[in-house]
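Analysis of the macromolecular model
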Amino acid sequence: MQTKTTHGLKRLKKALRYSLQGLKAAFNSEPAFKEEVLLAGIMIPLALLLADQAWQRIALIGSVVLVLLLELVNSAIEAAVDRMGTEYNAYAKRAKDIASAAVMLSMLLTGYVWLEVLFFS
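Bear in mind the structure is a predicted one, so any value in this text is a computation, not a measurement.

1. Quick word on the overall build of the chain
Counting its regular elements, the chain contains four helices and zero strands. Listed N to C, the secondary structure of the chain is α-α-α-α in terms of helices and strands. Structurally, the chain occupies a C-alpha span of about 60 × 45 × 25 Å along its principal axes. Contacts spanning at least 24 positions in sequence make up 66% of the contacts within the chain whose residues lie at least 6 apart. Summed over its atoms, the accessible surface of the chain is roughly 9000 Å², and 68% of this surface lies on carbon and sulfur atoms. Once the 13 positive and 10 negative side-chain charges of the chain are each reduced to a mean point, those two points are 18 Å apart.

Set out below in structure tokens:
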């Protein structure tokens, strides 16, 4: 049996709606994501003001957006793992810790990029 799937603009409209719902859910339920969005709201305009060249703006803004992307992935992994159960599980802990480490590394990268672009280039 084959199920009907949407195509074209209808599919894009649905995908956009789901993505916006995901952003709203993360913003409303994940304090870390909310804080990072607020910081991005400061850092992205600063990047536009402080960077002299296009590659610098791309690096500054891209590093900030990378933090947001990985925080969304981290939150999704945490939600999926938590859905499986509340009892301790070493694999669940590992998944959450690894996702958290990805966010931390993206934050370190952002710090490095900002220091490099603003003070050493």
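Don't stop here, the text continues.
2. Here we look at helix H2 (residues 31-50)
Structurally, the α-helix is built with 3.6 residues per turn, so residues lying three or four positions apart point the same way. Its 20 residues place the ends of H2 28 Å apart at the C-alpha level, agreeing with the 28 Å of an ideal helix rising 1.5 Å per residue. Residues of H2 that are buried: Phe33, Glu36, Ala40 and Ala47. Those residues of H2 that are buried lie in contact with helix H1 (8-29), helix H3 (54-84) and helix H4 (90-119).

3. A look at the nonpolar core
By size, the foremost hydrophobic cluster in this structure holds 11 residues: Ala26, Phe33, Ala40, Ala47, Ala51, Leu60, Val64, Leu68, Val113, Trp114 and Val117. Of all the secondary structure elements, the ones that give two or more residues to this core are H2, H3 and H4. Beyond its immediate chain neighbours, meaning those up to four positions away, Trp114 contacts Met43, Leu46, Ala47, Leu60, Ser63, Val64 and Phe119.

4. Some thoughts on the environment of Leu49
Of note, Leu49 is situated in helix H2. Considering only alpha carbons, one finds Leu49 and Val37, 12 residues apart in sequence, at a separation of 19 Å.

5. Considerations on the pattern of salt bridges
By the definition in use, this model includes two salt bridges. With a closest N to O distance of 2.5 Å, Lys96 and Asp82 form a salt bridge. Linking Lys96 in helix H4 with Asp82 in helix H3, this pair joins segments that are 14 residues apart in sequence. The partly exposed category is assigned to Lys96, whose relative accessible area is 24%. On the accessibility criterion, Asp82 (42% relative accessible area) is partly exposed. We note a salt bridge from Lys93 to Asp97, for which the minimum N-O separation is 2.5 Å. Pair noted here: Lys93 and Asp97 are both in helix H4, with a separation of four residues, about one helical turn. Residue classification places Lys93 among the partly exposed residues on the basis of a relative accessible area of 40%.

6. Quick look at the packing of H3 against H4
Their axes nearest at 9 Å, the elements H3 and H4 cross at an angle of 170 degrees. When the axis of H3 is compared with that of H4, the two are roughly antiparallel. Grouping the constituent residues of the contact of H3 with H4 by class yields 20 nonpolar, six polar and four charged.

About the criteria used
Residues numbered from 1 in each chain as written. Predicted model: local features only at pLDDT ≥ 70, side-chain atom pairs only at ≥ 80, totals over all residues. Heavy atoms only, no water. Helix = DSSP H or I, 4+ residues; strand = E, 2+ residues; numbered from the N terminus. Contact = heavy atoms within 4.5 Å. Areas by Shrake-Rupley, 256 points an atom, 1.4 Å probe, with all protein chains shown as cover. Lys, Arg positive; Asp, Glu negative; His and termini not counted. Charge placed at Lys NZ, Arg CZ, Asp CG, Glu CD. Expected span 1.5 Å × (residues − 1). Buried < 20%, exposed > 50% of the residue type's maximum accessible area, 1.4 Å probe, protein only. Core = buried A, V, L, I, M, F, W, Y, C linked by side-chain atoms within 4.5 Å. Salt bridge = Lys/Arg side-chain N within 4 Å of Asp/Glu carboxyl O. Axes fitted to C-alpha atoms, helices over the stretch in contact; angles between N-to-C directions. Parallel < 35°, antiparallel > 145°, perpendicular 65-115°, else oblique. Nonpolar A, V, L, I, M, F, W, Y, C, P; charged D, E, K, R; others polar.

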